[in-house]
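# Observations on the model geometry
Okay, here's what each chain looks like letter by letter:
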Amino acid sequence: MKSRPPRSAIVIGSGISGAAAAYFLARRGVDVEVLEAAAPAAAATGAADGAVSVASKRPGPMMEAALRGIRLYRELAGEGLFADLFKLRSTFIVASSEQEAQVLHAHADALASTGVHIERLSRAETARRFPVLSPNTEMAVEVHGEGHAIGYRIVHRLLTAGGMTVRRDEPVRRLLVSGGRAEGVETSRGILKADAVILAAGSGSAHLLGLRDTFAPRKGQLLVTERAPQLNAAMPGAIMSGRYLLSKGSQKTADAGKPARGIGLVIDPLTTGQFLIGGTREDTDNHRTNDLDAVSRILADAVALVPGLAEVRLLRSFAGVRTAVVDGLPLIGRLPGLENAYVTTGFEGDGICLGPVAAKAVVELACDEEPSIDLAPFDPSRFAGIEVAA
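Numbering of residues begins from 1 in every chain and follows the order in which that chain's sequence is written. Only residues with pLDDT of at least 70 are given local features in this predicted model, and only at 80 or more are side-chain atom pairs given and counted; all residues enter the totals for whole chains, interfaces and linings. Only hydrogens and water are set aside; all other atoms, that is, all heavy atoms of the structure, feed into the side-chain values.

## Observations concerning the overall build of the protein
Helix and strand counts for the protein stand at 10 helices and 18 strands. Each radius of gyration reported is based on C-alpha atoms, and the globular scaling rule is 2.2 Å times the count of residues to the power 0.38. Computed over C-alpha atoms, the radius of gyration of the protein comes to 21 Å, within 12% of the 21 Å expected from 2.2 N^0.38 for 390 residues, which places it in the range of a compact globule. Taken along its principal axes, the extent of the C-alpha atoms in the protein is 65 × 50 × 35 Å. Contact between two residues is taken to exist if any of their heavy atoms lie within 4.5 Å; hydrogens are not considered. In the protein, of all internal contacts separated by at least 6 residues, the share reaching a separation of at least 24 is 74%. Only DSSP runs of H or I reaching four residues or more are called helices, and only runs of E reaching two or more are called strands; each is numbered from the N terminus.

Pasting the structure below:
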């Protein structure tokens, strides 16, 4: 067992998890090389909604990890690292029908049972606290102590604070393995050696692990509005439609030949005075386009919930693809059979919240420290088919 941090490390991927791993390694005095197939935050991190939230979680390991993730953001903000990047705010889960209200009451019970600070708001209380909501709103649940962070800004801060220069456009072809250890990697430009390797490459991790059928792409379409300062200021937190709770894993194929799609609704008032509105969950890796049907449905749902948005112009729409794991849990931990190689990937839509805390836990593991979160549920060895491309 190691008694001190490795002297050198290679981090594969510079999304939020890779950037955080590099930062926490550098903070321990480790010499870090960050390898990136494209550019920092170029994939899921750069197209995320920015939620640092436990509101949609159900009791279990993901909720516990999300609570730890929120706590880490607060700690790093308190230290000054994220002071100007992390916006602390509540999430209001809103029910617009009796059916949604029933689901929301049960969900609120589940959140409260794990110690999450929630507050149930009746129709009248919701109207008083959140007057810009539709009068058709049945009730709301306020989830306290959550936050928002823009992924690419967090990545830039972590890399800058750690003093790292990312080796862009340098995809990793394989890990160099010998005697139960990863000696380094082979990239498109040659061979690099290090004492430890951390794989945080999202969907790019699949070929290195031999797990192509274990990862699944999840496309999400998001919208950004113009600035509307008065309406923005009238919103005491982010809005999550009760339908969002039902959209996870509920993708359905409406037409032959089209990917399965689920639509939920989140409206986040940004510090710029704009609104970030999302989104979809689609079983496809086509991140290059938005489609009129999805954008129209998201906008219609948003205006139905916040009528004032009808007077706000849409500035742009964009899409991203998140990497999901087939059993719904990310891969976080030591790679089977390798003493000094680790992985942190597969967060789907939870990467902004979970990426930093997962990376911190993996770095702690690599440095022979007690991980910040329980890694047992996320152990990569649960997939017997892992075969590192050596």
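## Some details on the sheet that holds strand S18 (residues 341–345)
Two strands pair if DSSP finds at least two bridges between them. Across the sheet, six strands lie side by side as S7-S2-S1-S11-S18-S17; this open sheet has mixed pairing. Each of the sheet's edge strands pairs with one partner strand only, and the pair in question is strand S7 (166–167) and strand S17 (331–334). Both strand S2 (residues 31–35) and S7 contribute to a ladder of two bridges, which runs parallel. Its bridge partner lying in S7, Leu35 is registered against Arg167. On top of the sheet, helix H10 (residues 351–366) reaches strand S11 (196–199), S17 and S18; it is set at about 170° to S18, its chief contact. Angles here are taken between N-to-C directions and fall from 0 to 180 degrees, while the axes themselves are lines fitted to C-alpha atoms, restricted in helices to the stretch in contact.

## Some thoughts on the side chain of Ser8
Note on placement: Ser8 falls in strand S1 (residues 8–12). Accessibility expressed as a relative area gives 18% for Ser8, which makes it buried. As used in this structure description, the phrase polar contact means that two N or O atoms lie within 3.5 Å; if the pair is within protein, one of them must be able to donate a hydrogen and the other to accept it, and residues adjacent in sequence are counted only when both atoms belong to side chains. Engagement of the side chain of Ser8 in a polar contact is seen with the backbone nitrogen of Asp195, the distance being 3.0 Å. Not counting the four nearest positions on each side in its chain, Ser8 is found in contact with Val30, Asp31, Ala194, Asp195 and Ala196. Think of it in three bands: residues with accessible area under 20% of the maximum for their type are buried, residues over 50% are exposed, and the middle band is partly exposed, with areas taken using a 1.4 Å probe on protein chains only.

## A short note on the nonpolar core
Of all hydrophobic cores here, the largest spans 73 residues; its most connected members are Tyr73, Phe82 and Val143. In this structure, Leu121, Val132, Ile298 and Val306 belong to the second largest nonpolar core, which totals 24 residues. Side-chain atoms within 4.5 Å are what join buried Ala, Val, Leu, Ile, Met, Phe, Trp, Tyr and Cys residues into a set we call a nonpolar core.

## Re the sheet that holds strand S10 (residues 190–193)
Pairing between the strands of a sheet comes from backbone hydrogen bonds, and it takes one of two forms, parallel or antiparallel. Strand order in the open sheet formed by three strands is S8-S9-S10, and the pairing between neighbours is antiparallel. Each edge of the sheet is formed by a strand with only one pairing partner; in this case those strands are strand S8 (172–178) and S10. Direction aside, the axes of adjacent strands within the sheet are offset by 30° on average. As defined by bridge partners, S8 adjoins strand S9 (residues 181–187) across six bridges and the pair is classed as antiparallel. Residue pairing in the sheet places Val177 in a bridge with Ala182 of S9.

## A few points about the pairing of strand S4 (residues 87–95)
Counting buried positions along S4 yields seven of nine residues, so the element is predominantly enclosed. Taken together, the eight bridges between S4 and strand S6 (residues 139–148) define a ladder with antiparallel strand orientation. Across the sheet, Thr91 pairs through a bridge with Val143, a residue of S6. Pairing between S4 and strand S13 (residues 237–241): five bridges, direction parallel. When the sheet's bridge partners are listed, Ile93 is paired in S13 with Met240.

## Concerning the packing of helix H1 (residues 16–27) against H10
Between H1 and H10, the least distance of the axes is 8 Å, while the angle of their chain directions is 35°. With respect to the hand of their crossing, H1 and H10 are arranged in right-handed fashion. Taking contact as the criterion, the partners of Ile16, Ser17, Ala20, Ala21, Phe24 and Leu25 in H1 are, on H10, Gly351, Ile352, Gly355, Pro356, Ala359, Lys360 and Val363. Residue type decides the class: Asp, Glu, Lys and Arg count as charged, Ala, Val, Leu, Ile, Met, Phe, Trp, Tyr, Cys and Pro as nonpolar, and the leftover types, Gly among them, as polar. The residue inventory of the contact of H1 with H10, partitioned by class, reads nine nonpolar, three polar and one charged. Less than a right angle of anticlockwise turn of the near helix away from the far helix marks a crossing as left-handed, whereas a clockwise turn marks it as right-handed.

## Focus: the confidence of the model for the protein
Per-residue confidence from the predictor is reported as pLDDT, a score between 0 and 100. When pLDDT is averaged along the protein, the result is 92, and 94% of the positions lie at 70 or above. Segment residues 249–254: pLDDT under 50, and 11 contacts once partners within four positions in sequence are set aside and those in other chains are kept.

## Topic: unusual backbone geometry
With an omega of -10°, the peptide bond between Gly278 and Gly279 qualifies as cis. In this fold, Gly279 is placed in strand S15 (residues 275–282). Despite not being glycine, Ala41 shows a phi value in the positive range, around 60°. Mapped onto the elements of the fold, Ala41 is located in the loop between S2 and strand S3 (51–52).

## With respect to helix H2 (residues 61–79)
Helices are assigned an expected span. That span is 1.5 Å times one less than the residue count. For H2, which comprises 19 residues, the first-to-last C-alpha distance of 27 Å matches the rise-based estimate of 27 Å (1.5 Å per residue) to within 8%. Within H2, burial applies to Met62, Met63, Ala65, Ala66, Gly69, Ile70, Leu72, Tyr73, Leu76 and Ala77. Looking at the buried side of H2, the elements it contacts are H1, S3, helix H3 (98–113), S6, helix H5 (151–162) and H10. Looking at the residues trailing H2, positive phi occurs at Gly80, about 105°.

## Side note on the pattern of salt bridges
Salt-bridge detection follows one rule: a side-chain nitrogen of Lys or Arg within 4 Å of a carboxyl oxygen of Asp or Glu. Under the defined criterion, the tally for this structure stands at 22 salt bridges. The salt bridge partner of Asp109 is Arg120, with a shortest N-O separation of 2.3 Å. Of this pair, Asp109 sits in helix H3 while Arg120 sits in strand S5 (residues 118–121), and the two are 11 residues apart along the sequence. Residue classification places Asp109 among the partly exposed positions, given a relative accessible area of 45%. Taking relative accessible area as the criterion, Arg120 reaches 33% and is therefore assigned partly exposed.

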